[in-house]
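Observations on the three-dimensional arrangement
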Amino acid sequence: MTTSQQKDAPSCTSHPQDEGPDSLPDKLTSVYHYCGYALNITRDFGAGIGVASAVWEAARFLCQYFESMKITFTGKKVIELGSGTGLVGILAVLLGGDVTLTDLPLVLNQIKDNVSANIPPAELHRTKVHALLWGEDQKFFPNDYDIILGSDIVYLECGYPSLIQTLQDLSNENTVIYLSSNIMHELGVDRFYNDLITQYFDCEVVSRSSDKYINVFKITKRCPDPGDKNKESKA
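What comes next is a walk through the structure. The shown structure was predicted, so the numbers you read here are calculated from the model rather than taken from an experiment. (Residues numbered from 1 in each chain as written. Predicted model: local features only at pLDDT ≥ 70, side-chain atom pairs only at ≥ 80, totals over all residues. Heavy atoms only, no water.)

Comments concerning the overall build of the chain
The test is simple: Put simply, DSSP H or I for four residues or longer makes a helix, DSSP E for two residues or longer makes a strand, and each gets a number counted from the N terminus. Contact criterion: two residues are considered in contact whenever any of their non-hydrogen atoms come within 4.5 Å of each other. All accessible-area figures derive from a Shrake-Rupley calculation using a 1.4 Å probe, and residue coverage is judged against the displayed protein chains alone.
For the chain, the helix and strand inventory stands at six helices and nine strands. Partitioning the intrachain contacts of the chain with sequence separation of at least 6 by distance along the chain shows that 71% fall at a separation of at least 24. Within the structure as shown, the chain displays about 11,300 Å² of accessible surface, and the carbon and sulfur contribution to it stands at 49%.

Some words on the packing of aromatic side chains
This is how it is decided: Ring geometry is summarised as follows: Phe, Tyr and Trp rings, the Trp one being its six-membered ring, pair when their centres sit within 6.5 Å, and such pairs are stacked at plane angles under 30 degrees, edge-to-face over 60 and tilted between the two. Residue exposure (1.4 Å probe, protein chains only): buried if accessible area is under 20% of the type maximum, exposed if over 50%, otherwise partly exposed. Two thresholds decide whether a charge sits over a ring: the Lys NZ or Arg CZ must be within 6 Å of the ring centre and within 35 degrees of the ring normal.
Tallied over the full model, the rule gives seven aromatic pairs. Ring geometry for Tyr65 and Phe66: centres 6.3 Å apart, planes at 55 degrees, overall tilted. An angle of 5 degrees between the planes, with centres 3.6 Å apart, marks the rings of Tyr193 and Phe217 as stacked. Of this pair, Tyr193 sits in helix H5 (residues 189-196) while Phe217 sits in strand E9 (residues 214-221), and the two are 24 residues apart along the sequence. Of the residues examined, Tyr193 reaches a relative accessible area of 2% and is grouped as buried. Judged by relative accessible area, Phe217 falls into the buried class, the value being 6%. In this arrangement the basic side chain of Lys77 is found over the ring face of Tyr145, its NZ or CZ atom lying 5.3 Å from the centre.

So, the environment of Val93
Mapping Val93 onto the fold places it in helix H2 (residues 87-94). Here Val93 falls in the buried class, since its relative accessible area comes to 1%. Sequence-wise, Val93 and Lys128 are 35 residues apart; in three dimensions their C-alpha atoms are separated by 9.9 Å. Among all residues touching Val93, those that are not within four sequence positions of it are Val99, Ile119, Glu123, Arg126 and Thr127.

Describing the sheet that holds strand E7 (residues 176-182)
Selection criterion: Only strands that DSSP links by at least two bridges are regarded as paired with each other. Note on definitions: angles span 0 to 180 degrees between N-to-C directions of axes, and those axes are lines fitted to C-alpha atoms, for helices only across the stretch in contact.
The strand order across the open sheet formed by seven strands is E5-E4-E3-E6-E7-E9-E8, and the pairing between neighbours is mixed. Each edge of the sheet is formed by a strand with only one pairing partner; in this case those strands are strand E5 (127-131) and strand E8 (201-208). For this sheet, the mean inter-axis angle between neighbouring strands, taken without regard to orientation, is 20 degrees. Summarising the sheet, strand E3 (residues 77-80) and strand E6 (residues 147-151) pair through three bridges and their orientation is parallel. Paired with Ile79 across the strands is Ile148, a residue of E6. Contacting E7, E8 and E9, H5 crosses the sheet at an angle of about 150 degrees to E7.

Some words on the side chain of Asn215
Within the secondary structure layout, Asn215 lies in strand E9. Not counting residues within four places of it along the chain, the set of residues in contact with Asn215 comprises Leu179, Ser180, Ser181, Ile183, Val205, Ser207 and Arg208.

Observations concerning the packing of helix H4 (residues 160-170) against H5
Here is the rule we go by: Throughout this description, any angle smaller than 35 degrees is read as roughly parallel, any larger than 145 degrees as roughly antiparallel, any in the 65 to 115 degree range as roughly perpendicular, and the remainder as oblique. Left-handed describes a crossing in which the near helix is turned anticlockwise from the far one by less than a right angle; the clockwise case is right-handed.
Interhelical geometry of H4 versus H5 gives an angle of 45 degrees and a closest axis separation of 12 Å. Taken as axis vectors, H4 and H5 run oblique relative to one another. The element H4 and its partner H5 pack so that their crossing is right-handed. Note on element contacts: H5 touches H4 through Val189, Phe192 and Leu196, opposite Tyr160, Leu163 and Ile164.

Dropping the structure here:
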């Protein structure tokens with residue numbers, strides 16, 4: 001799935017481990033089929049990048065959502081947070097987007113390898129890979145993105161403030177944010193969507209998995225109340 005700077009913080013709750021054998025090879029390539037594309041995604045277990053070497057169910061479900069809704073990213077400026085293996089961001093490129101995939105510096109080689117394996121040379125100009133530490137590095141990025149993507153990046157409560165700050169700084173009133181999450185109540189994921197992000201954004205569930213554990217949220221920045229500005233000018 002994905003990672004962020006909070007995923008490596010020792011004081012934070014750890015993420016449930018991806019299912020798999022006790023002993024894994026240094027690298028493992030799997031093929032995922034979405035929107036008519038066969039994506040060859042390699043997980044670099046030997047790189048010491050922890051949860052970033054997994055392809056999380058929430059990422060696969062977000063790709064399925066794009067497929068079912070026939071979403072196109074043609075002409076759209078897109079940024080993905082916590083790209084991990086790059087599965088979601090790579091699909092967004094293939095669907096026409098100008099996409100920046102971001103994660104911690106240690107994860108970037110895995111993303112770049114998967115980009116090289118899946119993006120035709122003629123389309124590489126629409127693909128960028130950069131490090132982005134939430135709460136800090138977003139100031140070096142623009143805020144004119146049409147779409148922000150993230151899958152399974154909401155699960156560490158200590159990282160929620162910096163994630164929300166990053167979403168605020170990268171977005172504008174026209175930006176659409178798609179976050180796909182495993183709703184783990186014990187990790188406060190429901191509180192993030194119900195109580196925290198709704199202080200600054202409008203948030204709605206647009207898709208649920210059959211077991212209702214995986215939700216796709218469509219999030220948009222709340223427009224300032226013109227009345228508030230009027231009150232400030234009169235003060």
